[in-house]
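Structural description and commentary
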Amino acid sequence: MPVYLIFACEVIVFSFLIGAFMNSLVLSVTVLGASGLLMYILFQWLYNTQPLVWGATLLGGITTLLWASYLDTLCGTTFIAILLGLLSGFICYVLNDRFFKIHPA
């Protein structure tokens, strides 16, 4: 049970960071509800933790991509946000995958 609680907190934080980037609370709640519902349906259908791991990976990568775009604008480049988004997505995937393997639900 604590595995799902920690995972839910991670999804909530990423969803609200995406909404904060767009200055929209409605978008945050929409992303949270849609991602939670989609991950729950896939989890029930596949009965595997991979939809949860990939969902958090995508949310983490998108969040970093959006917020790192400020750094790109500041430096006048276009590759920093993409590089950081891919790197954080990879790190989120590895950490979530190992976390679910160490602490099975």
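Everything here concerns the structure above.
Residue numbers restart at each chain and count upward from 1, following the sequence in its written direction. Side-chain atom pairs in this predicted model are given and counted only at pLDDT of 80 or more, local residue features only at pLDDT of at least 70, and totals for whole chains, interfaces and linings cover all residues. Only hydrogens and water are removed before side-chain values are computed, so all heavy atoms of the structure are retained for them.

By convention, a stacked pair of Phe, Tyr or Trp rings (six-membered ring in the case of Trp) has centres within 6.5 Å and planes under 30 degrees apart, an edge-to-face pair has planes over 60 apart, and any other such pair is tilted. Applying the stated criterion across every chain yields a total of five aromatic pairs. Ring centres of Phe21 and Tyr70 lie 5.4 Å apart, and the angle between their planes is 55 degrees; this geometry places the pair in the tilted category. Residue Phe21 is located in helix α1 (residues 2–21), and its partner Tyr70 is located in helix α3 (residues 50–75); the two are separated by 49 residues in the primary sequence. When the ring of Phe43 is compared with that of Tyr47, the centres are 5.8 Å apart and the planes differ by 35 degrees; the resulting orientation is tilted. The buried label goes to any residue with under 20% of its type's maximum accessible area, the exposed label to any with over 50%, and the partly exposed label to all in between, with areas taken from a 1.4 Å probe on protein chains only. Look at Phe43 and you get buried, because its relative accessible area is 14%. What counts as a helix is a DSSP run of H or I of at least four residues, what counts as a strand is a run of E of at least two, and both are numbered from the N terminus.

Here the focus is a nonpolar patch on the surface. Patch membership requires over 30% relative accessible area and the absence of a salt bridge. Like charges are linked within 9 Å, and nonpolar side chains (Val, Leu, Ile, Met, Phe, Trp, Tyr) within 5 Å. Surface exposure here means Shrake-Rupley accessible area, sampled with a 1.4 Å probe, where a residue is shielded only by the protein chains that are shown. Within this document, salt bridges are pairs made up of a side-chain nitrogen of Lys or Arg and a carboxyl oxygen of Asp or Glu, the two lying within 4 Å of each other. Residues Leu71, Leu74, Leu84, Leu87, Phe90, Ile91 and Leu95 make up a contiguous nonpolar surface patch of roughly 700 Å² in combined accessible area. When contributions to the nonpolar patch are tallied by element, the ones reaching two or more residues are α3 and α4 (80–102). Considering each element in turn, the nonpolar patch owes the most residues, five residues, to α4.

Residues spaced three or four apart along an α-helix face the same direction, because each turn holds 3.6 residues. The length a helix should cover is 1.5 Å for every residue beyond the first. With 22 residues, helix α2 (residues 25–46) extends 31 Å between its outermost C-alpha atoms, agreeing within 8% with the 32 Å of an ideal straight helix rising 1.5 Å per residue. What α2 keeps buried is the set Ser28, Val31, Ser35, Met39 and Phe43. Across the axial projection of α2, the buried residues extend over an arc of 80 degrees, all falling on one side. Summarising the geometry of α2, the exposed residues directed more than 90 degrees from the buried face are Val26, Leu37, Leu38, Tyr40 and Trp45. Against α1 and α3 lie the buried residues of α2. Of all possible arcs, the one meant is that of the directions from the helix axis to the C-beta atoms. The contact definition used throughout considers only heavy atoms, calling two residues in contact when any of these lie within 4.5 Å.

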